[in-house]
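# Coordinates in review
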Amino acid sequence: KEKVEITKEQQALMKVIADAYNRHQIPQDVAKKLLQDQYSAEENFLLLTEMATSQVQVLVEFTKNIPGFLSLNHEDQIALLKGSAVEAMFLRSAQVFSKKMPNGHNEVLEDRIRRSGISEEFMTPMFNFYKSIGVLHMVQEEQALLTAITILTPDRPYVKDQQAVERLQEPMLDLLRKLCVLQHPQKPQYFACLLGRLTELRTLNYYHAEMLTSWRMNDHKFTPLLCEIWDVE
Ligand SMILES: N#Cc1ccccc1NC(=O)[C@H](C1CCCCC1)n1c(-c2ccc(Cl)cc2)nc2cc(F)c(F)cc21
């Protein structure tokens, strides 16, 4: 039986990433807002664009805390942020969706999202992903590392120095692998399962632009930042 040990520098890395992840979270909890009231498709769309805009700002702050990220080539830094912003948003949404709430609240939240204005055809892939994240019962450190690993994906479009990105992603993957063995000793496949979720996450990337433009309302307005990050307008 392999004796898994987290080294001193891996403990330091975990602390940096987990602190940055907890520090850079969306202030207002959108789930609470959705549970309070039933909003129109227009109001929900506006809420989404506000959430997504603040999520990008939060993502940039989190990413700046990833050791070595700021030493990457500047265009590559932008390419990594642009390439991972949508996935980070869905990963964050999945984590919010998976949080255990008082009886019946999770069902109400799902219903509010189902009726928020998103086109029917995207419900299944989106909720399948949310549920597949939910069943993993990830701890905060795993969520933080998974977000960092998503950002540090070497094969994003327009990344020039992929090796430099791999050198940053590898220590994160190694640390996450050890964490999974220590946190979920009864699930030897847990680490592989987590990485499989990142593949499922990429498919949501594919749908996101259409999810937005097909929102059940006319005249979809996006902030300039979202036009940059989402392939819309
Ligand atoms: N959460 C969260 C979150 C954090 C940062 C950025 C965006 C976020 N997502 C959001 O706000 C949206 C809201 C926005 C208002 C209308 C209903 C969906 N959202 C999404 C959703 C994101 C995108 C796209 Cl195309 C469709 C859906 N899946 C959610 C799951 C949840 F459980 C949840 F509470 C909220 C969720």
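Anything mentioned here points back to the structure above.
Since this is a predicted model, take the numbers as computed values, not measurements.

## Re the overall build of the protein chain
Within the protein chain, the secondary structure is distributed over ten helices and zero strands. Tracing the protein chain from N to C terminus, the helices and strands come up as α-α-α-α-α-α-α-α-α-α. Whereas a compact globule of 233 residues would reach a radius of gyration of roughly 17 Å, the protein chain reaches 18 Å, a difference of no more than 12%. For the protein chain, the spread of C-alpha atoms along the principal axes amounts to about 55 × 45 × 30 Å. Counting all 233 residues of the protein chain, 50% fall into the buried class. A separation threshold of at least 6 residues defines the contact pool for the protein chain, and within that pool the share at least 24 residues apart is 77%. One finds the centroid of the 26 positive side-chain charges in the protein chain at a distance of 6 Å from the centroid of its 31 negative side-chain charges.

## Brief notes about the site of the ligand
Close to the ligand lie 22 residues, the nearest being V30, M51, S93, F97 and Y130. One of the side-chain nitrogen or oxygen atoms of S93 is found 3.1 Å away from a nitrogen atom of the ligand. In the complex, the protein chains occlude 100% of the 680 Å² of accessible area that the ligand would expose alone. Contributions of two or more residues to the shell around the ligand are made by helix 2 (30-36), helix 3 (41-64), helix 4 (74-98), helix 5 (105-114) and helix 6 (123-134). Here the shell around the ligand gets six residues from one element, more than from any other, and that element is helix 4. In terms of residue class, the shell around the ligand is made up of 17 nonpolar, four polar and one charged.

## Side note on the state of the cysteines
For the coordinates displayed, the defined rule picks out zero disulfides. Cysteine C180 shares no disulfide, and the gap to the nearest cysteine sulfur, in C193, comes to 9.6 Å. Overall, C180 belongs to the buried group, its relative accessible area being 2%. Relative accessible area serves as the criterion here: at 32%, C193 is assigned to the partly exposed category.

## Some details on the packing of aromatic side chains
Summed over all chains, the structure comprises ten aromatic pairs. Taking the centre distance of 5.7 Å and the plane angle of 70° together, the rings of Y206 and Y207 count as edge-to-face.

## What to know about the nonpolar core
Judged by nonpolar contacts, the single largest core of 78 residues is most densely connected at I17, I66, F90, M126, M172 and W230. In terms of residues, this core owes the most to one element, helix 4, which gives twelve residues. Among residues more than four places away in sequence, those in contact with F90 are M126, F129, Y130, L201, L204, H208 and M211.

## Points about the side chain of E87
Relative to the elements of secondary structure, E87 occurs in helix 4. The class of E87 is buried, set by a relative accessible area of 2%. One polar contact links E87 to N205, side chain to side chain, over a distance of 2.7 Å. With sequence-adjacent residues up to four places away left out, E87 is seen in contact with T150, R156, L201, R202 and N205.

## Here's the deal with the environment of K33
By the element assignment, K33 lies in helix 2. Classification of K33 by relative accessible area gives partly exposed; the value is 32%. For K33 and L59, which are 26 residues apart along the polypeptide, the C-alpha to C-alpha distance reads 22 Å. Contact partners of K33, with chain neighbours within four places excluded, come to Y39 and L47.

## Structural notes on the packing of helix 8 (residues 162-183) against helix 9 (residues 190-213)
Across the interface, helix 8 lies against helix 9 with an axial gap of 8 Å and an inter-helix angle of 130°. Judged on the interaxial angle alone, helix 9 and helix 8 are oblique. Facing L173, L176, R177 and C180 of helix 8, the residues of helix 9 in contact are Y190, F191, L194 and L195. For the contact of helix 8 with helix 9, the per-class residue count stands at seven nonpolar, no polar and one charged.

## Digging into the pattern of salt bridges
Across all of its chains, the model carries twelve salt bridges by this definition. D111 is paired through a salt bridge with R115; the nearest N and O atoms lie 3.2 Å apart. Assessed through its relative accessible area of 47%, R115 is described here as partly exposed. Bridged by salt links that share partners, the residues E110, R114 and K131 form one connected network.

What counts, and where the lines are drawn
- Residues numbered from 1 in each chain as written.
- Predicted model: local features only at pLDDT ≥ 70, side-chain atom pairs only at ≥ 80, totals over all residues.
- Heavy atoms only, no water.
- Helix = DSSP H or I, 4+ residues; strand = E, 2+ residues; numbered from the N terminus.
- Rg over C-alpha atoms; globule rule 2.2 N^0.38 Å.
- Buried < 20%, exposed > 50% of the residue type's maximum accessible area, 1.4 Å probe, protein only.
- Contact = heavy atoms within 4.5 Å.
- Lys, Arg positive; Asp, Glu negative; His and termini not counted.
- Charge placed at Lys NZ, Arg CZ, Asp CG, Glu CD.
- Near = heavy atom within 4 Å.
- Polar contact = N/O pair within 3.5 Å; in protein donor to acceptor, adjacent residues only side chain to side chain.
- Areas by Shrake-Rupley, 256 points an atom, 1.4 Å probe, with all protein chains shown as cover.
- Nonpolar A, V, L, I, M, F, W, Y, C, P; charged D, E, K, R; others polar.
- Disulfide = S-S within 2.5 Å.
- Phe/Tyr/Trp six-rings, centres within 6.5 Å; stacked < 30°, edge-to-face > 60°.
- Core = buried A, V, L, I, M, F, W, Y, C linked by side-chain atoms within 4.5 Å.
- Axes fitted to C-alpha atoms, helices over the stretch in contact; angles between N-to-C directions.
- Parallel < 35°, antiparallel > 145°, perpendicular 65-115°, else oblique.
- Salt bridge = Lys/Arg side-chain N within 4 Å of Asp/Glu carboxyl O.

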